[in-house]
Every structure is written in C-alpha cells, then in structure tokens.
Amino acid sequence: MFNIRCVMVVSGGRKMKKWILVFLTITAVLTGCFFLLNHWIPVVEIIGDPEITLEYTETFEDPGANVYWRSSLLPFITKEAELDTESDLSNDLGDHQIHYHIKNHHQEADGVRVIHVVDTDRPVIHLETIEDHYTRYNHPYEEEGFSASDPHDGDLTDQVVSEEKDGYVYYTVSDSSGNTTKKRRKIFYDDREAPVITMDGGNEFSWQNGIPYEDHYSAEDDCDGDVTDKVIVEGNVDVHTNGDYTLTYTVEDSHGNASSAERIVHVKGFFENENTIYLTFDDGPGSHTDHLLDVLDQYNVKVTFFATNAYPGYAYCMKRAAEAGHTVAVHTASHNYAQIYASDEAYWDDFNRVNDVIEAQTGNRSRLFRFPGGSSNTVSANYSEGIMSRLAAEAAEYGYTYFDWNVSSGDAGGTTDTNTVYENVIRGIQYNHDHGVPSVVLQHDIKEFSVNAVESIILWGLENGYHFAPLSDLSFTAHHGIAN
Ligand SMILES: [Zn+2]
C-alpha cells in the first residue's frame, strides 16, 4: 500500500486505472482458481458430551449438533448445511445412539452420540409386622410377611432371599440391573407357655401297702424341651400307712412360666406275706352266709366271696358283705359245667349274669373271679377242648384277674365234718407259711359244717400271728396252672 500511494502521487489518474485493471484481473484469476480447486468438507460438531449416561426416568433434550461445510482451501470460509438426525433413543435400558448426518452428492459425515440408559434405583423391601407376634426361644422365626418392589422391575417379592442368623432375619433382593437392597428384622423372642407335666399312671391311683413307692412323671417345655429334672415334688407317700397322699409337682421353665400338678396316691391293703390268710367262700350266697358274716363282723376279719346266683333269695348278702368291707367277686351265675364250659361265649354270658346281680347289690361290677372247678379243671374238656386256655387269655384281655387256691378245706366232698375242715385248713396254712407264701383258702359258704369251722380258724390264725385280708387285684392269685 505504501508503494501504491507513492505511485499515485507520482503518476496521477492514468496509472491508477491501470492498477485497478491489474487488481481486478488478479481477483478474477484467484476466484477462478478457488472454484476450480476448492471443495467443501462436511463438518459435524456434536454439542455437549458425545457420551451421556441417563437414568431411565429422566427426560433428555438433545442439544443437537452444529453441521456445516467448510472450505478446503480457506478453512475460515464455511457454508450452512442441513442437519439430518436419526435416533433410536427410548427409556429402555441399554445403549442408544443419535446420529447427526450431513451429506451432498460427493460427501457425507456422521456424528454419533451414545446414550447409556441405566437404572440405578434400588428395590424397596417392606417388612410387615403382626401385632404381638413373637417367636418361641429355640424355634425358627415364623415369617410375618414382606414384599419387595422396584421402580423399574415392579414386584420382586418372590426374588427376596431371607436368612435367619443370630437373632435377626436378613432380607436381600436385587433388581435386573443388579441394584441390591438389604434389610434386617430383629426377632422378638418370648416364652409364654408353661411346661406340661405328664403323670405316668394318671393323677390318682392306688398303691399296694408295703411296696416301695415309685413315682413316674415327665415335664416338657415348648422352649426348653425336657425339663423333667426341674420338677419339684412335694409331699410323700407312707407305704406302711394306708391313706390318701397328695403329691404336688411344680416346674418352672427358664423364662419363669410355671405349672403345677397334683397326684393322689391311695395306699391300700397291706403287704402280703406268708402270714397272710385270704379266706374265700364259693358258691353262695346261701342260707348260711348271714351267719358267716356275723362271725366275720365279730372278729373284724375281711374275706372274699366268689358268688353265684344259685340262691337268688340270698343275693342281699352280697350287699351286706360289700358294705362290711369284704370282696364280692364272680364265680358264674349257674355254676353248671356243661353250660358254662360249652363255649367262650357261654362262659362270659354266665359270668356277666352274676356280675349284673353283684352290680345291682353292691353298685360295682367285679373284675375278680374264680373259675368253677378252678383254672386247672379238666372237666371243661368234656364240653370244649382248650377252653380254659382261651378263657384265661380273654380274662387278661378284659382286665380281669382270676384266683385259684392253695389251701383246700375238703368241704367240697372230702369231708362233712367241721373239725376236719378246721384241721385241713390250718395244716394248709402252716405248709404255705413254711414255704413263704400267703394262703388262699377255699371253703363254701353254702355248707353249714364248713361255715362252722370259720371261727376256730380265725382264732387260731390270730393267736399264731397271721392276718386276714380280702383279695384285691394286687393279691397273690394261687394259680394252679391250666390243664385244658
Ligand atoms: Zn364252686
């Protein structure tokens, strides 16, 4: 420019025209060269971050891209372009792309923005609680209920894993994106049930006088398990003194729940030994039974009657005997061998007929009995082979006890003499005594001469240190042995 101004000063208007011409020519040449040599470069400039992470709940406004054509020769020269945008963007988890595109006949350019749609929300676990709910100590927790949901996945309740450990329940759940939620519940333990005491043998039973008392019980607690050894038993049973004894059982579990129970033990009878005499009278009651009862009353001796219904007019003696403390037991109603040993059914029919009478007179059916002819009789084989074995087994099944005898008075046919009856009886008793067993004496109260021997037998027994007792289901049975 400095030079041009100097020329203008020196040369004036003509020279200036010439220079303008030169200038225009150069410009035209340059412009021509530009159009010949230049080409346009597509440019895509993504606005903002080309890679974006987006929560699936967020809305996204695309800031777009700047696109234009740029001169290859003179980069500061640009021209506008039309943007073509293509996108698969949605709220679905995963990667999506937005394409920014420009293109002409010769060239094109593509800019890509990557959008990572993610779920970072964690699922929510809701624990339900039941009012007053508790778990027993040493027992597994009983679930009160729970639910789990996730903002993206929805209900995840069935995905929850729960684990009980050290007094807590731990719940864990993960959503499909791996977001995990944990929650724990403290288990409330309690113990509100008292132990249960079980009395073997029941809350009330009889105990034979003289037998050392054994107590059997157990206690179980819902939390502590077996607490039998914590049971405290109060009271005692004096097995040498008849009477009713109350035992009290108390037990407390380790959380203070207590329970108690009572048992009444009736100590009865006496401890039988070789000095024991069981007088028994079969086939009555009859016309001499009242007299016999008078004699027994006089000495306060208790005996046993194996009753029939042969003399129904004397049935009232059963009542009198029972009220006086004698044992009234069954001997069958008819005492007819052919009839009673014809069949098992016939036997028990006859048995029950006299037991009906006993019940009517005494208020109780008897569980004690004596077979007519004794358990060793073989006459029954004439009517039914093996019936004695069957009846004995059936008796055991029904809970009946049968007695034979080990002292025979001979009054059933051996003698009709009172003194001989007396001699037979005391000889038998002495024999048993020497062999260490109690005596079960067989007499018949329908025979006057036999009844008349009773007073002498009692006097002899009392003078010689014996005691008389009625039979009970705990007594010596003097079984002969079954032969049919
Ligand atoms: Zn008889």
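Residues numbered from 1 in each chain as written. Predicted model: local features only at pLDDT ≥ 70, side-chain atom pairs only at ≥ 80, totals over all residues.

### Describing the domain arrangement of the protein
For the protein, the domain assignment lists domain 1 (40-117), domain 2 (124-190), domain 3 (196-268) and domain 4 (276-468). Taken over C-alpha atoms, the centre of domain 1 sits 93 Å from the centre of domain 3. (Domains from an automatic or database assignment.)

### Some words on the sheet that holds strand 21 (residues 243-252)
Spatial ordering of the open sheet is given by 17-22-21-20, a layout of four strands whose pairing is mixed. On the outer flanks of this sheet lie strand 17 (204-208) and strand 20 (232-234), each paired with one strand and no other. Strand-to-strand twist in this sheet, taken as the mean axis angle between neighbours without regard to direction, amounts to 30 degrees. (Pairing = 2+ DSSP bridges. Helix = DSSP H or I, 4+ residues; strand = E, 2+ residues; numbered from the N terminus. Axes fitted to C-alpha atoms, helices over the stretch in contact; angles between N-to-C directions.)

### Observations concerning the nonpolar core
Counting 55 residues, the largest nonpolar core has Ala307, Ala329, Val330, Phe369, Val425 and Val441 as its most contacted members. Those residues in contact with alanine 307, other than ones at most four positions away along the chain, are Gly284, Pro285, Met318, Val328, Ala329, Val330, His331, Val354 and Ile358. Grouped together as the second largest cluster of nonpolar side chains are eight residues, Ala65, Ile98, Ile102 and Ile115 included. (Core = buried A, V, L, I, M, F, W, Y, C linked by C-beta atoms within 7 Å. Buried ≥ 20, exposed ≤ 12 C-beta atoms within 10 Å, placed from the backbone. Contact = placed C-beta atoms within 7 Å.)

### Considering the sheet that holds strand 14 (residues 180-186)
Read across the open sheet, the three strands follow the order 12-13-14; overall the sheet is antiparallel. Looking along the sheet, the strands with just one partner apiece sit at the ends: strand 12 (161-165) and strand 14. Recorded for the sheet is a direction-independent mean angle of 20 degrees between the axes of neighbouring strands. For strand 12 and strand 13 (residues 168-174), the ladder comprises five bridges, and the chain directions are antiparallel. By the bridge assignment for strand 13, lysine 165 is matched with tyrosine 168.

### Describing unusual backbone geometry
Residue proline 285 is reached from glycine 284 by a cis peptide bond, and omega for that bond is -5 degrees. Of note in the backbone geometry, aspartate 166 takes a positive phi value of approximately 50 degrees without being a glycine. Of note, aspartate 166 is situated in the loop between strand 12 and strand 13. Although it is not a glycine, alanine 478 sits at a positive phi angle of roughly 50 degrees. Secondary-structure assignment places alanine 478 in the segment after strand 30 (467-468). The exposure class assigned to alanine 478 is buried, which follows from the 23 C-beta atoms found within 10 Å.

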